[in-house]
Amino acid sequence: MPHDAERSTVPAPDRVAYGARQAQLLDALLGGGEPPEGFAVAQAAASGRSLRRKRGGLVARALPALVLDLGDAFDERFDEHARAFDAPASGDPLEDGLLFARAVTRERLLGDDARAEMLLARAALRRRGLFARAQWLRRPHPRLLVVVRLPGAGPRHVSLAAPWGRG
Amino acid sequence: MSLHPTQSTRRLGQGAGWRPQLDDALSRACGLGFIEVVAESIGERDLPGGVAAALQRGLQVVPHGVSLSLGGAERPDRARLAHLASVAERVHAPLVSEHIAFVRAGGRESGHLLPVPRTREALEILCENVAIAQDALRVPLALEHVAALVEWPGAEMDEADFVRELIERTGALLLLDLSNLYANAHNHGYDAYEALDRYPLDRIAYVHVGGGVFRDGVYHDTHAHPVVPGVLHLVEGLFALTDAPGVLLERDDDFPPEAELAAELAAIADAARRGAQHRARA
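Let me sum up the structure you'll find in this document. (Residues numbered from 1 in each chain as written. Chains lettered and ligands numbered in written order. Predicted model: local features only at pLDDT ≥ 70, side-chain atom pairs only at ≥ 80, totals over all residues.)

### Considering the pairing of strand β7 (residues 141-144) of chain B
Residues and elements named next belong to chain B.
Part 1 of the argument: Residue alternation in β7 divides its side chains into two sets, Leu-141 and Leu-143 and Ala-142 and Glu-144, and both sets are buried.
Part 2 of the argument: In the sheet, strand β4 (residues 96-99) pairs with β7 via four bridges, with the strands oriented parallel. What sits directly across from His-99, in β7, is Glu-144.
Part 3 of the argument: Where β7 and strand β8 (residues 173-177) come together, three bridges link them in parallel fashion. (Buried ≥ 20, exposed ≤ 12 C-beta atoms within 10 Å, placed from the backbone. Helix = DSSP H or I, 4+ residues; strand = E, 2+ residues; numbered from the N terminus. Pairing = 2+ DSSP bridges.)

### Overview of unusual backbone geometry
Most of the time, phi is negative for any residue but glycine, and the peptide bond is trans.
Residue and element names in this part refer to chain B.
Part 1 of the argument: Of note, Ser-69 is a non-glycine position whose phi angle comes to about 55°, a positive value.
Part 2 of the argument: Mapped onto the secondary structure, Ser-69 falls in the loop between β3 (60-64) and α3 (78-90).
Part 3 of the argument: One non-glycine residue with positive phi stands out, namely His-223, at about 60°.
Part 4 of the argument: Within the element layout of this structure, His-223 appears in the loop between β11 (218-220) and α8 (229-241).

### Comments concerning helix α6 (residues 178-188) of chain B
All names here are of chain B.
Part 1 of the argument: For α6, the tally of buried residues reaches nine of eleven residues, placing the bulk of the element in the interior.
Part 2 of the argument: Buried residues of α6: Leu-178, Ser-179, Asn-180, Leu-181, Tyr-182, Ala-183, Asn-184, Ala-185 and Asn-187, and no others.
Part 3 of the argument: Considering only its buried residues, α6 is in contact with α5 (159-170), β8, α7 (192-196), β9 (204-210), β11 and α8.
Part 4 of the argument: At the C-terminal side of α6, Gly-189 shows a positive phi close to 70°. (Contact = placed C-beta atoms within 7 Å.)

### Quick word on the interface of chain A and chain B
Part 1 of the argument: The partner chain B presents 25 residues to the 24 residues of chain A that form the contact.
Part 2 of the argument: Listed by contribution, the elements that provide at least two residues to the side of chain A that touches chain B are α2 (15-31) and α3 (41-62) of chain A.
Part 3 of the argument: For the side of chain A that touches chain B, the element with the most residues is α3 of chain A, which contributes eight residues.
Part 4 of the argument: The class makeup of the residues in the side of chain A that touches chain B is twelve nonpolar, nine polar and three charged. (Nonpolar A, V, L, I, M, F, W, Y, C, P; charged D, E, K, R; others polar.)

### A few points about the pairing of β8 of chain B
Residues and elements named next belong to chain B.
Part 1 of the argument: β8 sits mainly inside the fold: five of its five residues count as buried.
Part 2 of the argument: Here β8 shows a buried face lined by Leu-173, Leu-175 and Asp-177 and a second buried face lined by Leu-174 and Leu-176.
Part 3 of the argument: Pairing analysis gives four bridges linking β8 to β9, with the strands arranged parallel. Within β9, the position partnered with Leu-175 by the bridge is Tyr-206.

### Observations regarding α8 of chain B
Since one α-helical turn is 3.6 residues long, residues separated by three or four positions face the same way.
Residues and elements named next belong to chain B.
Part 1 of the argument: The end-to-end C-alpha separation of α8 is 19 Å, in line with the 18 Å expected for 13 residues at 1.5 Å each.
Part 2 of the argument: Every buried residue of α8 is accounted for by Val-231, Leu-232, Leu-234, Val-235, Leu-238 and Phe-239. All buried residues of α8 project into a common sector of 155° when viewed along the axis, lining one side.
Part 3 of the argument: If you follow the buried residues of α8, they end up packed against α6, α7, β9, β12 (246-250) and α9 (258-281). (Expected span 1.5 Å × (residues − 1). Arc of directions from axis to C-beta.)

Spatial relationships are all this shows, so hold off on functional conclusions.
As structure tokens, then:
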């Protein structure tokens, strides 16, 4: 093997130090901070933004009503969230989006469509046991949205119009 | 040293990345020889209906791993390898593929394929990790180079030479991604055609082609946009040099209507055909 001699001159790799350098880069990319020494700052910033935008795109597809609710603010608001919090271990955009939506609701009220979407997402993510929740919604008309998930079945929802209805 | 299977004996033809959202369109696509499935998206038991149906139609199925982190500091995880091997067995795969990248470090999952430093040290670690993966697999492993906006400082070789040495030393096959080559050449300012010639083209298992978009002068390999003309030119350029065993379209988001997908597949096939004609004349 022509490479054996060549290989023997290479010192055994230091996996710990190698991993530490990768972790430093990863922290900078995900958190939006300064990259480790030697990296081009603009390149690292563009790369980090691109990774977070890709994650935001998946969330946007999973929770479209939330994105409509936030409008132009979604991109910046999600980027801020992504810099502070990693995606959930499951990698599921629905779970990621729900965590983001909960953070948003701590700052402002969401519209009815986004709240309904969050409730359905919570039901979809409940893997075992019974899920049953209800939420009053006002638009386009006052109604009670009831979402149920039975073990082994997908989420079901029913919308009950308020008796004082569309007056 | 154990003997790893290094040859993929079967020709693959034209392929497409199978995604649930593309299932209908791909089930009707003409001339497909193979599909690629993301191994981590396949459960422990049943295959997705569309994948099982593709097998029944006689298509070959290649499992594509995205989480082994072969370029990471940790050795590849046994459970992840066992899953990849199990998927390969269940789809009667002629080979499997993974990336020359790391996806986790310091206990954090990136959710993305990140580049490795192009150094001798990284090459040593990759060779060890790839050997561990090959030992756990019963079919050949093809390695794909990734698109990266950020480059590690202190590179000791360029990407083509790095990949060539990795492929030579591990006996792995090459999954040549022409969109990644296009992206890196554009974003880091080198000539894609000059680099193309230095990849180990005789070790190609198949080729990836995906769409992307330019934003502020930077090319992003999104797999959510149409294939740009520059990448189709590279397909032509590659087939002018060699007859690659397969070429596959990757589309992962913003899924196009069926006719648009068919047109993209046809454009790739046309580019490969034009390249082959240049080669025949040469």
